Amino acid sequence: MKNPNGYGSIYRQKGNRRKPFVVRITVGWREDGKRISKILGTYATQKEANEVLVSYNRSPYDIDSKKLKFKEVFEKWSKLAYEKIAKNTISGYNQSFRYCEPLHDKVFSNLRTENYQELFNFLKISFGTKRQLRLLIKQLYTYGMQYDIVEKDYSKFIDVGKRSTVIEKIPFSVEEIDTLFQNIEHECVDTVLFMIYTGIRVSEMMDLKKENVNLVDGYFTVVNSKTTSGKGRIIPIHSKIMNLVIERFTKSKEYLFENENSKSKFYYTTYLAQRFTPLMKKLNMKHTPHECRHTFATLLSKVNGNSTSIKEMIGHSSYALTEKFYTHKELDDLKKELEKLT
């Protein structure tokens, strides 16, 4: 039986092809009466192609949505979802999105279980953080199925592992810190020392812009943080790393610590895979980025650092920072506590 006008068609391409059958659909008409066509896809058998064409005509969808990348689906979903959820929840989703950086430019409808599992197996994050990440992906699939971007939810097949006992955080030793200074010419050593001497989270370091750094008075302001208490906190720049900060400031465009290859900001997965982990192997050290932050708190505690000052600089949620503006005296007090570190 002949298909009705505008139904679409199937034709076979010449040559020896793995998927020779092409499904073409009608998406509109020109003023002269000629049809406007688009390719729905290519298929291995005529039967498969026919099933796709029939399915499309039963429930037409925007075929361009099938080409949306992961980051584009996130942008569309977040534009709607963020109007209804709290700021802390938004911050959590944004952090999860940053962890998905290897998937950002991949076509969402082409992603499969193995793509997600490879990412989850690589990430050195907690069980709870992995669950939060899987929740974000599930939200994207719910949105994708609602708007005919995908037909199947692959988030349900992601294995986040089992909740394990808390792994002890091992701070960098004094000898290891000396080794870092001795190898300062190596790529990214300055980022590790920066985290050790500031207590800043790795995500906060990635988001730190040059405009947030005051070289004259020797401090920087954390603008983006995963906690309310961490956002807007002031951290002095220790004298031992001041030259490293100045060098980065001079070379960088927008962000203080930029990917030397792309001259754009770092993302966690890229930083971990291409910078931090290779450096630890090269220097025969076994640490995570978060242990830099743990080292900062440990060192300050050992030199009897003022507990309030420590909380202010680290940005623990247990400390409610009610006033975001510091007097010179308060800033000097923070600097005195920080300079106790050798």
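Please read these numbers as outputs of a predicted model, since none were measured by experiment.

Some remarks on the nonpolar core
Line of reasoning, step 1. Counting residues in each nonpolar core, the largest one holds 74 residues, and the members touching the most others are F108, Y116, V192, F194 and Y271.
Line of reasoning, step 2. Among the elements that make up this core, the one with the highest residue count is helix α5 (residues 127-146) (7 residues).
Line of reasoning, step 3. Non-local contacts of Y116, meaning those with residues more than four positions away in its chain, are made with F70, L103, F108, L111, I137, Y141, Y154 and I158.
Line of reasoning, step 4. Ranked by size, the runner-up nonpolar core spans 9 residues in total, among them Y7, F21, V23 and L53.

Details of the packing of aromatic side chains
In this description, a pair of aromatic rings is defined by centroid distance and the angle of the planes.
Line of reasoning, step 1. In this structure the tally under the stated criterion is 18 aromatic pairs.
Line of reasoning, step 2. Considering the side-chain rings of F74 and F97, the 3.9 Å spacing of their centres and the 10 degrees angle between planes classify their relative orientation as stacked. One end of the pair, F74, is in helix α2 (residues 70-81); the other, F97, is in helix α3 (residues 87-99), and 23 residues separate them in sequence. Across this residue pair, the class does not change: F74 and F97 are buried.
Line of reasoning, step 3. Their ring planes at 65 degrees and their centres at 6.1 Å tell us that F181 and Y197 sit as a pair that is edge-to-face. With a gap of 16 residues between them, F181 in helix α6 (residues 174-182) and Y197 in the loop between α7 (189-196) and α8 (202-206) connect regions that are remote in the sequence.
Line of reasoning, step 4. The exposure class assigned to Y197 is buried, which follows from its relative accessible area of 0%.
Line of reasoning, step 5. Following the ring pairs from residue to residue traces out a cluster consisting of F70, F74, W77, Y82, Y93, F97, F108, Y116, Y141, Y154 and F157.
Line of reasoning, step 6. The ring of F249 carries the charged tip of K210 above its face, separated from the ring centre by 4.7 Å.
Line of reasoning, step 7. A cation sits over an aromatic face here: K265 above Y267, 5.2 Å from the ring centre.

What to know about the side chain of T295
Line of reasoning, step 1. Mapping T295 onto the fold places it in helix α11 (residues 290-302).
Line of reasoning, step 2. For T295, a relative accessible area of 0% corresponds to the buried category.
Line of reasoning, step 3. Discounting chain neighbours no more than four positions away, the residues touching T295 are P171, F172, I177 and I196.

Some words on the pairing of strand β3 (residues 35-43)
Line of reasoning, step 1. In this structure, strand β2 (residues 21-29) lies alongside β3, joined through 8 bridges in antiparallel fashion. Residue pairing across strands places I25 opposite K38, the latter belonging to β3.
Line of reasoning, step 2. Turn length for the β2-β3 hairpin, with the two strands adjacent in sequence and antiparallel, is 5 residues, and the turn residue G33 shows positive phi of about 90 degrees.

Digging into the confidence of the model for the protein
Line of reasoning, step 1. When pLDDT is averaged along the protein, the result is 83; 83% of the residues meet or exceed 70.
Line of reasoning, step 2. Ranking the elements of the protein by mean pLDDT puts helix α12 (residues 307-314) last, at 56, and α7 first, at 95.
Line of reasoning, step 3. Note that pLDDT drops below 50 for residues 316-329; the model gives that stretch 21 contacts with residues more than four away or on any other chain.

Focus on the environment of D64
Line of reasoning, step 1. Structurally, the position occupied by D64 is in the loop between α1 (46-58) and α2.
Line of reasoning, step 2. Owing to a relative accessible area of 33%, D64 belongs among the partly exposed residues under this scheme.
Line of reasoning, step 3. The sequence separation of D64 and K38 amounts to 26 residues, and the corresponding C-alpha distance is 9.5 Å.

Basis of the calculations
- Residues numbered from 1 in each chain as written.
- Predicted model: local features only at pLDDT ≥ 70, side-chain atom pairs only at ≥ 80, totals over all residues.
- Heavy atoms only, no water.
- Core = buried A, V, L, I, M, F, W, Y, C linked by side-chain atoms within 4.5 Å.
- Buried < 20%, exposed > 50% of the residue type's maximum accessible area, 1.4 Å probe, protein only.
- Helix = DSSP H or I, 4+ residues; strand = E, 2+ residues; numbered from the N terminus.
- Contact = heavy atoms within 4.5 Å.
- Phe/Tyr/Trp six-rings, centres within 6.5 Å; stacked < 30°, edge-to-face > 60°.
- Lys NZ or Arg CZ within 6 Å of the ring centre and 35° of its normal.
- Pairing = 2+ DSSP bridges.
- pLDDT = per-residue confidence, 0-100.

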